[in-house]
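Structure assessment
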Amino acid sequence: MPNHDRRVFLGLYILAFVTGTYLVVFGSFPATRSAARVILTGAMVLLALPLIIPACSSCSHGPDPASPLNHDDPHKPLLISNNHQTVSDAVMERTMEHQLQGSCCGKILHKGCLAVLGEEHSAKRLIGCVDFWLYYTAYFCGATVGLVYSNNLGQIAQSLHQQSRLTMLLAVYSSFSFFGRLLSALPDFLHRYLSCSSISIIIRWLPSNLIYIQFVYRTVSLARTGWLAAALVPMPMAFFLMWKQQDGSALVVGTALVGLSSGFIFAAAVSVTSELFGPNSVGVNHNILITNIPLGSFLYGQIAAMVYDANGQRMSVMDNRTGTIDTMIVCMGVKCYSTTFFVWGCITLLGLASSIVLFRRTKPAYATAASRSSSCKHLQQVSRETP
């Protein structure tokens with residue numbers, strides 16, 4: 001990413017964080033009419049700033065001197081030979097395969113895993129891919145559970161005698177969902193700071209009884225699937241907290257954790273789908289992935305409804321306008337959602353485990369992609385420095 005684009009991205013990222021914090025802080029307490037006008041004016045200014053930052057940055061900074069466009073020589077070939085890179089990648093793949101051959105668990109874990117990132121997957125190939133079903137399970141048992149929780153938040157607050165705080169709970173979920181979506185872009189910006197380098201030493205015996213030693217340099221960075229697994233960690237923590245300690249404070253903390261985790265996964269899912277199964281087919285593949293949302297909404301909603309009805313009492317309510325009497329089930333107390341929180345916590349643990357397995361299976365592909373990117377940058381730098 002050029003320095004100019006990096007500065008613009010960082011400015012917009014900080015501005016989005018400041019805007020969200022401003023709206024959460026100043027919108028969480030009642031204010032007078034004059035104070036409300038001031039808060040509204042500040043919010044409008046912050047919302048208008050994203051239109052100004054790119055224009056100001058473009059005017060104040062000229063072309064990036066570090067950009068390859070400023071160092072191009074029209075007499076040099078546009079393409080650089082990548083024979084050495086192909087050999088290096090092949091050596092790294094053989095090294096990883098050799099490391100996995102010694103363990104039976106490694107053979108099972110990495111059987112049929114993705115070899116490279118961005119390889120196009122048709123719908124038929126996608127359905128037969130093990131990594132897709134691990135990804136599907138992580139989404140189905142993670143973000144979808146958080147979505148169902150938000151849909152039932154009103155009834156949960158009512159059953160726990162927290163209906164007076166429902167507006168605040170909805171604001172907490174929405175705010176932390178926003179910050180979760182904002183954090184999903186953080187790995188892209190921190191990629192250059194979180195990557196590390198390693199050197200592999202390969203020793204071979206040649207037919208002439210000589211020792212051949214080869215040093216393979218590669219750059220390893222945390223895979224995006226690793227960030228996905230990390231984002232799923234707060235979800236089971238939240239549900240087990242609300243299952244164990246059902247009071248107002250636990251409900252607020254659990255709602256914040258669920259919103260943070262769900263927002264991160266919803267925002268990062270498209271990028272993960274594109275990297276794992278190809279950018280050209282991302283529309284079809286991601287639509288296949290999100291079929292888990294209606295399925296999960298129906299399944300998890302049914303679980304919550306069954307537990308709620310089993311612990312509720314039937315009540316007759318008269319409609320004042322029509323005069324008809326309706327029968328409804330009302331449940332009050334911790335028993336209404338205690339079992340539901342425990343079941344949802346176990347389900348999200350399954351999603352976390354699936355995401356960890358997916359991370360382990362896709363880690364070699366991400367390592368290869370990071371090494372290839374580092375080598376390409378090195379070759380481009382050498383090409384620019386060559387007279």
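Preceding this paragraph is the structure being described.
I will try to describe carefully the structure that is included in this document. Bear in mind that the values here come from a model prediction, so they are computed numbers and not experimental data.

All right, on to the environment of Y173 then. The residue Y173 is located in helix 10 (residues 166–183) in this model. For Y173, a relative accessible area of 11% translates into the label buried. Sequence separation between Y173 and G254 is 81 residues; the distance between their C-alpha atoms is 9.3 Å. Once you skip the residues sitting within four places of it in the chain, Y173 turns out to touch G146, L147, S150, T255, V258, G259 and S262.

To continue, consider the packing of aromatic side chains. Ring pairs (aromatic) are described by centroid distance and by the angle formed between their planes. On inspection of all chains with the given rule, the structure shows 20 aromatic pairs. Measuring from centroid to centroid gives 6.5 Å for Y149 and F341, while their planes differ by 50 degrees, and the two rings are tilted. On the criterion of sequence distance, the pair formed by Y149 in helix 8 (residues 143–151) and F341 in helix 18 (residues 338–385) is long-range, its members being 192 residues apart. In terms of burial, Y149 and F341 fall into one category: buried. Look at W243 and F342: their rings are 4.9 Å apart centre to centre, the planes differ by 50 degrees, and that puts the pair in the tilted class. Here F342 lies in helix 18 and W243 lies in helix 14 (residues 234–244), a separation of 99 residues in the sequence. In this structure F342 comes out as partly exposed when scored by relative accessible area, which is 35%. Taken together, F132, W133, Y135, Y136, F140, F277 and Y300 form an aromatic cluster joined through their ring pairs. A cation sits over an aromatic face here: K244 above W243, 5.7 Å from the ring centre.

Turning next to empty space enclosed by the protein. Under the defined criterion, the tally for this structure stands at 1 cavity of 30 Å³ or more. Together, Y135, A138, Y139, L228, L232 and I265 line the largest cavity. Tallied by class, the residues present in the lining of the largest cavity amount to 6 nonpolar, no polar and no charged.

Counting 56 residues, the largest nonpolar core has Y135, Y149, F239, Y300, F341 and W344 as the members making the most contacts within it. Of all the elements, helix 15 (residues 248–277) adds the most residues to this core, at 12 residues. What Y300 contacts, discounting residues up to four positions off in sequence, is F140, C141, T144, V145, V148, W344 and I347. Core analysis: the next-biggest nonpolar cluster, separate from the first, contains 5 residues, L15, I39, A43 and L46 among them.

A separate point is unusual backbone geometry. Although it is not a glycine, H161 adopts a positive phi angle of roughly 60 degrees. With respect to the helices and strands, the residue H161 is situated in the loop between helix 9 (153–159) and helix 10. On the accessibility criterion, H161 (57% relative accessible area) is exposed.

Calculation notes
Residues numbered from 1 in each chain as written. Predicted model: local features only at pLDDT ≥ 70, side-chain atom pairs only at ≥ 80, totals over all residues. Heavy atoms only, no water. Helix = DSSP H or I, 4+ residues; strand = E, 2+ residues; numbered from the N terminus. Buried < 20%, exposed > 50% of the residue type's maximum accessible area, 1.4 Å probe, protein only. Contact = heavy atoms within 4.5 Å. Phe/Tyr/Trp six-rings, centres within 6.5 Å; stacked < 30°, edge-to-face > 60°. Lys NZ or Arg CZ within 6 Å of the ring centre and 35° of its normal. 1 Å grid on protein atoms, 1.4 Å probe; cavity = no way out; pocket = protein on both sides within 12 Å on 5 of 7 lines; lining within 4 Å. Points joined across faces, edges and corners; volume = space filled by probe spheres on them. Nonpolar A, V, L, I, M, F, W, Y, C, P; charged D, E, K, R; others polar. Core = buried A, V, L, I, M, F, W, Y, C linked by side-chain atoms within 4.5 Å.

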